[in-house]
Amino acid sequence: MTTEPIVYVVDDDQAMVESLSWIIESVGLKVKTYVCAQDFLNEFDPHQHGCLLLDVRMPGMSGPELQTRLNTEGLPILPIIFISGHGDVPLAVRVMKGGAIDFLTKPFNDQVLLESINKALRADKSNREKQQETAMASAKFSLLSPREVQVLQGIVAGKQNKVISAELHISLKTVEAHRASVMKKMGVRSVPELVKLVLSNDTQQTVTDQAT
C-alpha cells in the first residue's frame, strides 16, 4: 500500500476543481483531478491509499454510475465523498447505501469538507490494513493440510481433543500433533488467539473451502 494518500477529485467544473484542489493542498494533501469518470477509471490504481471526491452530475458517466461500476466490478473501492449542487435526498440515500462516506451539497464549508476527507482517509487506511491482515491470514491457512483444517474447525467450534478425535476417527495423539502443527503454522500461541485470528479476519469460509 502506498502510504501517502491521494485525494482524487472528479468534476467537470474546472472552477470547482481548482477551488477544491486549493483547499485540499492547503493542508498538505496530494490531489489528482479528472474532468470525467472514465479518465479516473483509466488511471485508477487499486493499491493507492486515498479517497474520491466525486461530483454527482457529469457528462457521460455520472458520479453514482461510477460508484456502481466500482462496486459491481469488485474493485477495492475508495471511500467516496459525493458533492452536488442539488439537495436530492433520495439520491443521497442511494449513494450512502452504496457505501459513500458523505454527501455534501454546494456550497459547503471548507472545514466540513476537510473533516469529511479526513474521515474518508481514516476509513480507507483501516480498510486496507484489514484487507492486508486477511490476506496474510489466508496465506497461513493455505499452508494447512486438509486434516489440519478439519482439526482447526473443531478447535474454533470449541470442541475438546477427544471429541475431535472421535468425529474424525483418528487417535487422540494424532489430534494433538495436528493441533500443535496448526498453532505453529498459524503463528499463534493460544487457542483464544487462534480463534480471534479466524473470526476477526472473516476467514471462516476460507477454512470451510479448504476442508471440502
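Residues numbered from 1 in each chain as written. Predicted model: local features only at pLDDT ≥ 70, side-chain atom pairs only at ≥ 80, totals over all residues. Heavy atoms only, no water.

### Regarding the pairing of strand S3 (residues 48–55)
With 8 of 8 residues buried, S3 is to be regarded as a mostly interior element. Burial of S3 is two-sided: the residues Gln 48, Gly 50, Leu 52 and Leu 54 facing one way and the residues His 49, Cys 51, Leu 53 and Asp 55 facing the other way are all buried. Pairing of S3 with strand S4 (residues 80–84) involves 4 bridges; the strand directions are parallel. Along S4, the bridge assignment pairs Leu 53 with Ile 81. (Buried < 20%, exposed > 50% of the residue type's maximum accessible area, 1.4 Å probe, protein only. Helix = DSSP H or I, 4+ residues; strand = E, 2+ residues; numbered from the N terminus. Pairing = 2+ DSSP bridges.)

### Focus: the pattern of salt bridges
Considering all chains together, one arrives at 8 salt bridges under this definition. For the salt bridge of Asp 55 with Lys 106, the shortest nitrogen-to-oxygen distance reads 3.8 Å. On the criterion of sequence distance, the pair formed by Asp 55 in strand S3 and Lys 106 in the loop between strand S5 (102–105) and helix H5 (110–141) is long-range, its members being 51 residues apart. The exposure class of Asp 55 is buried, given its relative accessible area of 6%. (Salt bridge = Lys/Arg side-chain N within 4 Å of Asp/Glu carboxyl O.)

### Examining helix H1 (residues 14–25)
Compared with the 16 Å implied by 1.5 Å per residue over 12 residues, the 16 Å span of H1 between its first and last C-alpha is a close match. For H1, the full list of buried residues reads Met 16, Val 17, Leu 20, Ser 21, Ile 23 and Ile 24. The buried residues of H1 all sit within an arc of 165° when viewed along its axis, so they share a single face. Residues Ala 15, Glu 18 and Trp 22 are exposed on H1 and point more than 90 degrees away from its buried face. The backbone nitrogen of Ala 15 lies 3.1 Å from a side-chain oxygen of the residue at the head of H1, namely Asp 13. (Expected span 1.5 Å × (residues − 1). Arc of directions from axis to C-beta. Polar contact = N/O pair within 3.5 Å; in protein donor to acceptor, adjacent residues only side chain to side chain.)

### Digging into the nonpolar core
Core analysis: the biggest nonpolar cluster contains 23 residues, and Phe 40, Leu 52, Leu 54, Leu 66, Leu 70 and Phe 82 have the highest contact counts within it. Going through the elements one at a time, strand S1 (2–10), helix H2 (37–43), S3, helix H3 (63–72), S4 and helix H4 (89–97) are the ones with two or more residues in this core. Excluding anything up to four places from it in sequence, Phe 40 contacts Tyr 8, Val 10, Tyr 34, Leu 52, Leu 66, Leu 70 and Leu 78. Cys 51, Ile 101, Ala 120 and Leu 121 belong to the second-largest nonpolar core, a separate cluster that totals 21 residues. (Core = buried A, V, L, I, M, F, W, Y, C linked by side-chain atoms within 4.5 Å. Contact = heavy atoms within 4.5 Å.)

### Considering the confidence of the model for the chain
Residues of the chain with pLDDT of at least 70 account for 92%, and the chain-wide mean is 87. Of all secondary-structure elements in the chain, the lowest mean pLDDT belongs to helix H10 (residues 204–211), at 50, while strand S2 (residues 30–34) reaches the highest, 95. (pLDDT = per-residue confidence, 0-100.)

### A few points about the environment of Gly 87
Checked against the element boundaries, Gly 87 lands in the loop between S4 and H4. C-alpha of Gly 87 to C-alpha of Phe 103: the two residues are 16 residues apart in sequence and 9.4 Å apart in space.

### Concerning H5
Taking 1.5 Å as the rise per residue, H5 with 32 residues should run 46 Å; its terminal C-alpha atoms sit 47 Å apart, in good agreement. Along H5, the residues that are buried comprise Leu 113, Leu 114, Ser 116, Ile 117, Ala 120, Leu 121, Asp 124, Arg 128, Ala 137 and Phe 141. Of the residues that open H5, the one with a side-chain oxygen 2.7 Å from the backbone nitrogen of Gln 111 is Asn 109.

### Focus on the packing of aromatic side chains
Applying the stated criterion across every chain, the model contains 4 aromatic pairs. Ring geometry for Tyr 8 versus Phe 40: centroids 5.4 Å apart, planes at 70°, classification edge-to-face. Residue Tyr 8 is found in strand S1, and its partner Phe 40 is found in helix H2; the two are separated by 32 residues along the sequence. Both residues of the pair, Tyr 8 and Phe 40, count as buried. Between Tyr 34 and Phe 40, the aromatic rings sit 5.7 Å apart at their centres with planes inclined by 80°, giving edge-to-face as the arrangement. Take Tyr 34: its relative accessible area is 6%, and that puts it in the buried class. Chaining the aromatic ring pairs together yields one cluster made of Tyr 8, Tyr 34, Phe 40 and Phe 44. (Phe/Tyr/Trp six-rings, centres within 6.5 Å; stacked < 30°, edge-to-face > 60°.)

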